[in-house]
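Examination of the molecular architecture
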Amino acid sequence: MGKHNLLIYTTIALVLLFLVSRSPNKSQPQETHHRRRLKIRSHFPFSPPSDPHHHHDPPPAFDPLVADIELAREDRQWEHLYYQTHHDSDSDSASESPDSSPEPDHESRPEWEDFADAEDFLNDSERFNVTNRLMLLFPRIDVDPTDGLASKSELTQWSLQQSRREAMHRSQREMKTHDKDGDGFVTFAEYEAPSWVRSADNTSFGYDFGWWKEDHFNASDADGDGRLNITEFNDFLHPADTSNPKLILWLCKEEIRERDRDKDGKVNFEEFFHGIYDLIRNYVEPHDTDEHESDDSNEASAKMLFVLLDKDGDGYLSDVELLPVIEKLHPPEHYYAIQQTNHILHQADGDKDGRLSLAEMIESPYVFYTGVFSEDEDSGDYVVHDEFR
């Protein structure tokens, strides 16, 4: 089966090379489309989120090599801000230190060494050719089954892998600052609350959110040993993606605490309707939601859902009763991966069969490299394509 798959991809590659070799422009043999300028984006928000409960990291780059470049730049920015916050007197020298560069990533980067020329590298078709990159990536996406077509499921899994890879990278970076004794674990005594918490008082907005407190830490401690390993610490920072039952229940408790206006420890229908239900409706696919639905119809739908969730029929929702909808209140990365896949298929699936061939991907390369500024031919304005960044 492996030899058969290799033969398929080798044949496709040879056919494409033969076709483009007949083109009069041989200095850039693989790119027959109008080339747009790629931008290295610094898209990670270092400032605290306005609502930590529903914060989501920016979508990942489709190409892991572009992600590596962006994460390396992000590491430098993060490092500078960290030293600026914790070691003001040493911030300048630390940020310029040659030893402060991030560890090598999975894919080697012999073509660039620093950010001064990284963007030039991305825009040099001889060194970074988007068609060649897509030809390289396609066999890594088309895996289940390997049939020469990238299905919606395969594209979703690819996007999910990139999201989780970036999340783990950030968690490993963050963990190093808290693991004071360097033993590979973080205790709550070692954990340092975010700077905005340390500089705030208990009346500040967001101070009462429990995402930096001990009950969150303990819920993230899946094995109950009083410390977090890297997997648990990653869950601590990204609880919506956990499979830890304790942490999922903690999310439900936090949702109850936030929505419980009368502080009775439960959520009544009014509290549900004017908070939780709106989030659940926003989770639904746009084409499944009637934007012109009346207020009465909205309330009727909310009551139906409330009754379904209220298992004991006491007229209130407890933390346990929120478990069936917690994923809609805190969407995991898989949800966002599906949204990204839907965008890809809408833009690049020429025959609308719900799958992408390598030829379709090559025909629409900038669907996969959307962090670009392209000049609009009609208006002369510059348009930012930001679906993946």
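None of these values were measured; they are calculated from a predicted model.

What follows deals with the overall build of the protein chain. When helices and strands are counted, the protein chain shows 15 helices and seven strands. Out of the 389 residues in the protein chain, the part that is buried amounts to 43%. Carbon and sulfur atoms make up 52% of the accessible area of the protein chain, which totals about 20900 Å².

As a further point, take the packing of helix 11 (residues 269–283) against helix 12 (residues 295–309). The geometry of helix 11 relative to helix 12 is characterised by a closest axis approach of 10 Å and an angle of 100° between their N-to-C directions. As the angle between them shows, helix 11 and helix 12 are arranged roughly perpendicular. Seen from helix 11, the contacting residues are Phe 269, Phe 272, Phe 273, Tyr 277, Ile 280 and Arg 281; seen from helix 12, they are Asn 298, Glu 299, Ser 301, Ala 302, Lys 303, Leu 305, Phe 306 and Leu 309. Taken together, the residues of the contact of helix 11 with helix 12 sort by class into nine nonpolar, two polar and three charged.

Before going further, it helps to examine the pattern of salt bridges. Enumeration according to the criterion identifies 14 salt bridges in this entry. Between Arg 133 and Asp 63 there is a salt bridge; the shortest N-O distance is 2.6 Å. Of this pair, Arg 133 sits in helix 5 (residues 130–141) while Asp 63 sits in the loop between strand 1 (37–38) and helix 2 (64–86), and the two are 70 residues apart along the sequence. The exposure classification of Arg 133 matches that of Asp 63, with both residues buried. We note a salt bridge from Lys 303 to Glu 299, for which the minimum N-O separation is 3.7 Å. Of the two residues, Lys 303 and Glu 299 are both situated in helix 12; the distance of four residues between them amounts to about one turn of the helix. By relative accessible area, which is 27% here, Glu 299 ends up partly exposed.

The subject of this paragraph is the environment of Ser 159. Relative to the helices and strands, Ser 159 resides in helix 6 (residues 152–178). Judged by relative accessible area, which is 5%, Ser 159 ranks as buried. Here the alpha-carbon distance between Ser 159 and Glu 333, two residues 174 residues apart in the chain, equals 9.0 Å. Excluding its chain neighbours within four sequence positions, the residues that come into contact with Ser 159 are Pro 60, Ala 337 and Gln 340.

Moving on, we come to the nonpolar core. Counting residues in each nonpolar core, the largest one holds 32 residues, and the members touching the most others are Phe 62, Leu 122, Phe 128, Leu 356, Met 361, Phe 368 and Tyr 369. Taken together, the elements giving at least two residues each to this core come down to helix 2, helix 4 (115–122), helix 5, helix 6, helix 14 (333–348) and helix 15 (358–363). At six residues, the largest contribution of residues to this core is made by helix 5. Once residues lying within four places of it in the same chain are set aside, the contact partners of Met 361 are Phe 62, Leu 134, Phe 138, Ile 141, Leu 356 and Phe 368. The next biggest cluster of nonpolar side chains, apart from the first, holds 21 residues, and it includes Phe 272, Leu 309, Leu 322 and Ile 326.

Further remarks concern the packing of aromatic side chains. Per the counting criterion, the structure on display carries 16 aromatic pairs. Relative to Tyr 369, the ring of Phe 128 has its centre 5.9 Å away and its plane inclined at 85°; by these criteria the two rings are edge-to-face. Here Tyr 369 lies in the loop between helix 15 and strand 6 (372–375) and Phe 128 lies in the loop between helix 4 and helix 5, a separation of 241 residues in the sequence. By relative accessible area, Phe 128 is classed as buried at 1%. Relative accessible area serves as the criterion here: at 2%, Tyr 369 is assigned to the buried category. Grouped by ring-pair contacts, the aromatic residues Phe 188, Tyr 191, Phe 217, Phe 233 and Phe 236 constitute a single cluster. Above the plane of the ring of Phe 185 lies Arg 227, whose end atom (NZ or CZ) is 3.6 Å from the centre.

Next up on the list: helix 10 (residues 245–259). With 15 residues, helix 10 should cover 21 Å at 1.5 Å per step; its first-to-last C-alpha distance of 21 Å lies within 8% of that length. Inspection of helix 10 places Leu 247, Trp 250, Leu 251, Cys 252, Glu 254, Glu 255, Ile 256 and Arg 259 among the buried residues, and these make up the whole buried set. Buried positions along helix 10 lie against helix 8 (214–220), helix 9 (230–237), helix 11 and helix 13 (326–329). Measuring from the backbone nitrogen of Lys 246 back to the side-chain oxygen at the start of helix 10 gives 3.0 Å, which picks out Asn 244 as the cap.

Across the protein chain, the average pLDDT comes to 78, with 65% of residues at or above 70. Between residues 89–112, whose pLDDT stays under 50, and residues either more than four places distant or in other chains, the model counts 40 contacts. Here residues 371–389 is modelled with pLDDT under 50, and outside its nearest four sequence neighbours on either side it reaches 55 contacts, counting other chains as well.

This next bit is on unusual backbone geometry. With glycine set apart, most residues show a phi of negative sign, and most peptide bonds adopt trans. Cis peptide bonds are those with omega within 30 degrees of zero, and the linkage from Asp 144 to Pro 145 qualifies with 0°. Note on placement: Pro 145 falls in the loop between helix 5 and strand 2 (149–151). The phi torsion at Lys 263 lies on the positive side, around 55°, for a residue other than glycine. Looking at the secondary structure, you find Lys 263 in the loop between helix 10 and helix 11. Residue classification places Lys 263 among the exposed positions, given a relative accessible area of 60%.

Let us now look at the environment of Phe 368. Looking at where Phe 368 falls in the secondary structure, it is placed in the loop between helix 15 and strand 6. Overall, Phe 368 belongs to the buried group, its relative accessible area being 1%. Aside from chain neighbours lying at most four places away, what touches Phe 368 is Phe 62, Leu 134, Ile 344, Ala 348, Leu 356 and Met 361.

Rules used in this analysis
Residues numbered from 1 in each chain as written. Predicted model: local features only at pLDDT ≥ 70, side-chain atom pairs only at ≥ 80, totals over all residues. Heavy atoms only, no water. Helix = DSSP H or I, 4+ residues; strand = E, 2+ residues; numbered from the N terminus. Buried < 20%, exposed > 50% of the residue type's maximum accessible area, 1.4 Å probe, protein only. Areas by Shrake-Rupley, 256 points an atom, 1.4 Å probe, with all protein chains shown as cover. Axes fitted to C-alpha atoms, helices over the stretch in contact; angles between N-to-C directions. Parallel < 35°, antiparallel > 145°, perpendicular 65-115°, else oblique. Contact = heavy atoms within 4.5 Å. Nonpolar A, V, L, I, M, F, W, Y, C, P; charged D, E, K, R; others polar. Salt bridge = Lys/Arg side-chain N within 4 Å of Asp/Glu carboxyl O. Core = buried A, V, L, I, M, F, W, Y, C linked by side-chain atoms within 4.5 Å. Phe/Tyr/Trp six-rings, centres within 6.5 Å; stacked < 30°, edge-to-face > 60°. Lys NZ or Arg CZ within 6 Å of the ring centre and 35° of its normal. Expected span 1.5 Å × (residues − 1). Polar contact = N/O pair within 3.5 Å; in protein donor to acceptor, adjacent residues only side chain to side chain. pLDDT = per-residue confidence, 0-100.

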